[in-house]
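What the coordinates show
So the chains spell out like this:
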Amino acid sequence: MRIIDLLKADAVELNISVNSKADAIDKMIALHEKAGNLKDVNMYKSAILERENQGSTAIGEGIAVPHAKSDSVKTAGLSAITVPAGVDYNAPDGKPSDILFMIAAPLDGDLHLEILSRLMVMLMEPEFCADLRNTKTTDEFLSVIDKKEREKYPSEPKAEINEVKKGYRILAVTACPTGIAHTYMAAEALEKAGEKLGCPLKAETNGSGGAKNILTKKDIEECDGVIIAADKNVEMARFDGKPVLKTSVSNGINKPEELVQRIIDGKASVYHSESTDEQSYDEEKESFGRNLYKHLMNGVSHMLPFVVGGGVLIALGFLIDTIAGNANVGGNFGFTNPIAAVVFWIGKAAFAFMLPILAGYISQSIADRPGLLPGIVGGYLATTGATLSSPTGDDTAVSGFLGALLAGFAAGVLVNLLKKAFNWLPKSMDGIKPVFIYPLLGTLLIGVVMLAINPFIGILNSGLANGLSSLGETSRLLLSIVLAAMMATDMGGPFNKAAYVFGTAAIADGNTWIMAAVMIGGMVPPIAIALSTTFNKKKWTKEELKNGPVNYLMGLCFITEGAIPYAAADPLRVIPSCMVGAAVAGAVSSLFGCACPAPHGGIFTFAVVDKPLGYIVALIAGSAAGALMLAILKKTKKENA
């Protein structure tokens, strides 16, 4: 396969005029559609805009290569336009772009990425670009590409040839978020810079097809320094003790000689994998808030499969039990029928890992692999409510979501402090520290921290419950609003837990209207988010849109936690929106006089609810109000602007 196999004549248009970057994107997407490369044009456009939001794909010197890897792509392909007058594509050199290629890559398959990487490398040569600019017809344009590819790659890509080179003085790792274009262009630019400066350089590419031209242990031992040109995390521990210069992938493309020269001149700081001051080797400083966000997102992204998988299985348990006629069995609903019980408890098992995984991967993001175990254990202790007086767990001290967040960040910080504390150990102990000393002591310390902290959150929960009891004597409507809003405040944390415990306890006293407000309040956040991702797509990222529909099911099944990833990503806008929607639902439920004798089950308990039609109206009104608030408060994503 060669480049022209992926670039059809129908997907090329030369010497056109476009007014803006957005017009250029629309034109190239239309060419992809014309060539039959796409299954879903709108989804592909969203993927393209999401990539642009991470940084302009303009390379400079008149070249731009927008690209996306998406399930919306039917066939891997290219589209291309030339714009003699140029178009402002936010290039790093400020120059307009006049040669633009757009890459459409499917989620599966790697061969086409190898082929497309050749084009990225060829575009680094000014003579080749000049030849493209001078073409008058599509056939001539394709001929120039094919001729150059056959000259440069008579058989195998350069990345394969690099494996047999010897004596590298400098190593590099390149990676961009999508791993399609910039990854390979940065590698080529750095290798050329090394060759020009008489300093052999080997570049490992962390593309979407996996790592290629991998740096060996011998390469690392013998090199003078390492350049990390990446916009995502790469494996760093292997470079311990080596001078490392970390920068963006765009700098790898635009400033390769400067980066290589800094290694040659010895201006790169030595990287220590146990150092907590990672910025010591980082060329571009990141704000505290940005680092905090990255750690949080690392935990959320790993937690999400447990939320979705476990939640859907629990919902299936409810559904099966409802079909079996067990909707009114009270506390055993969801696992009364034998088949329902199997599905339900498998889902509960998956769900039980949600908060430990969240905490574990937040901690790992902060302290690398030694932080994983302490974080997971801290998250688990948050779910059990373990205390110093009751290490096996106390229901009144469960700290939930907020406790898991605290455990994740605290565990990461503690492990980093341990790394500093044990710097005095001899080099011979380096192998045992990350696999024994740090996890062992880190787990012990975070355990003690959580045992000490959980009771205080338990006190908070008790205080909230007492306050709610006092409030109930004053106003049923106000109590319904407050309880419903609390269910959407932290979605599994102390406020949510307090409201739910209060609601379930009230059932025994016959106050089933309280449980109605609690359940409807917990159902609204996921449904409001699902509605927003369905009807207001410009407010959400591609990943959020992909998982949005699952929240319809999660919300209908009273699984509020489906909203957690969205709330964690933008808490100042999502949580207030969900609280408003839940409060509206609670108010409507109270006004209609709804009551629910079942402590959980969501829509599958509506058959036993007093005033079920009013309850349905409450759910619709609250979900719509929440979605409307999200439309007002959420900012439009740049890629969707």
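Basis of the calculations
Residues numbered from 1 in each chain as written. Predicted model: local features only at pLDDT ≥ 70, side-chain atom pairs only at ≥ 80, totals over all residues. Heavy atoms only, no water. Helix = DSSP H or I, 4+ residues; strand = E, 2+ residues; numbered from the N terminus. Buried < 20%, exposed > 50% of the residue type's maximum accessible area, 1.4 Å probe, protein only. Expected span 1.5 Å × (residues − 1). Polar contact = N/O pair within 3.5 Å; in protein donor to acceptor, adjacent residues only side chain to side chain. Phe/Tyr/Trp six-rings, centres within 6.5 Å; stacked < 30°, edge-to-face > 60°. Lys NZ or Arg CZ within 6 Å of the ring centre and 35° of its normal. Salt bridge = Lys/Arg side-chain N within 4 Å of Asp/Glu carboxyl O. Axes fitted to C-alpha atoms, helices over the stretch in contact; angles between N-to-C directions. Parallel < 35°, antiparallel > 145°, perpendicular 65-115°, else oblique. Left-handed = near helix turned anticlockwise from the far one by under 90°. Contact = heavy atoms within 4.5 Å. Nonpolar A, V, L, I, M, F, W, Y, C, P; charged D, E, K, R; others polar. Core = buried A, V, L, I, M, F, W, Y, C linked by side-chain atoms within 4.5 Å. pLDDT = per-residue confidence, 0-100.

**Some thoughts on the overall build of the protein chain**
A count of helices and strands for the protein chain gives 25 helices and 11 strands. Taken over 641 residues, the protein chain has a buried fraction of 54%.

**Some words on helix α3 (residues 41-53)**
With 13 residues, α3 ought to run about 18 Å at 1.5 Å a step, and its terminal C-alpha atoms sit 18 Å apart, in line with that. The N-cap of α3, judged by a side-chain oxygen 3.1 Å from the amide nitrogen of N42 a few residues on, is D40. G55 lies just past α3 and shows a positive phi near 150°.

**A word on the packing of aromatic side chains**
Scanning the entire structure with this criterion turns up 8 aromatic pairs. A centroid spacing of 5.6 Å and a plane angle of 80° characterise the contact between W540 and Y566, whose relative ring orientation is edge-to-face. Of this pair, W540 sits in the loop between α20 (512-535) and α21 (542-547) while Y566 sits in helix α23 (residues 564-569), placing them 26 residues apart in sequence. The exposure class assigned to Y566 is buried, which follows from its relative accessible area of 4%. Directly above the aromatic system of Y89 lies the positively charged group of K21, at a separation of 4.9 Å from the ring centroid. In this structure, K634 is placed above the aromatic ring of W540, and the distance from its NZ or CZ to the ring centre is 4.4 Å.

**Thoughts on the pattern of salt bridges**
Going through the model one piece at a time under the given rule, you end up with 18 salt bridges. For K21, the salt bridge identified is with E52, shortest N-O distance 3.0 Å. On the criterion of sequence distance, the pair formed by K21 in helix α2 (residues 21-34) and E52 in helix α3 is long-range, its members being 31 residues apart. Like E52, K21 is buried.

**Concerning the packing of α2 against α3**
Packing of α2 against α3 leaves a shortest axis separation of 11 Å and a crossing angle of 140°. In terms of axis orientation, α2 runs oblique to α3. Judged by the sense of rotation from one axis to the other, the crossing of α2 with α3 is right-handed. In this structure, α2 contributes K21, I25, D26, I29, H32 and E33 to the contact, and α3 contributes V41, Y44, K45, I48, L49 and E52. Each residue belonging to the contact of α2 with α3 can be placed in one class, and the counts come to 6 nonpolar, 1 polar and 5 charged.

**With respect to the packing of α20 against helix α25 (residues 612-633)**
Between two packed helices, the angle of one axis relative to the other and the distance separating the axes together describe the packing. Put simply, α20 and α25 touch, their axes get as near as 8 Å, and they point 45° apart. Overall, the two elements α20 and α25 adopt an arrangement that is oblique. As α20 packs across α25, the resulting crossing turns out to be right-handed. Counted together, M515, A516, M519, I520, M523, V524, I527, A528, I529, L531 and S532 of α20 and Y615, A618, L619, G622, S623, A624, G626, A627 and L630 of α25 form the full contact between these two elements. Across the contact of α20 with α25, the residue classes tally to 16 nonpolar, 4 polar and no charged.

**Focus on the nonpolar core**
Judged by nonpolar contacts, the single largest core of 67 residues is most densely connected at L358, I514, I529 and Y615. Take this core: its biggest share by element is 12 residues, from α20. Non-local contacts of I529, meaning those with residues more than four positions away in its chain, are made with W540, N551, A563, Y566, V574, C578 and L630. Core analysis: the next-biggest nonpolar cluster, separate from the first, contains 30 residues, I103, F141, M185 and V249 among them.

**A look at the confidence of the model for the protein chain**
Residues of the protein chain with pLDDT of at least 70 account for 85%, and the chain-wide mean is 82. Confidence drops under pLDDT 50 across residues 156-166; counting only partners more than four residues distant or on other chains, this segment forms 15 contacts. Low pLDDT, under 50, characterises residues 276-284; the stretch is placed with 25 contacts to residues that sit more than four places away or in other chains.

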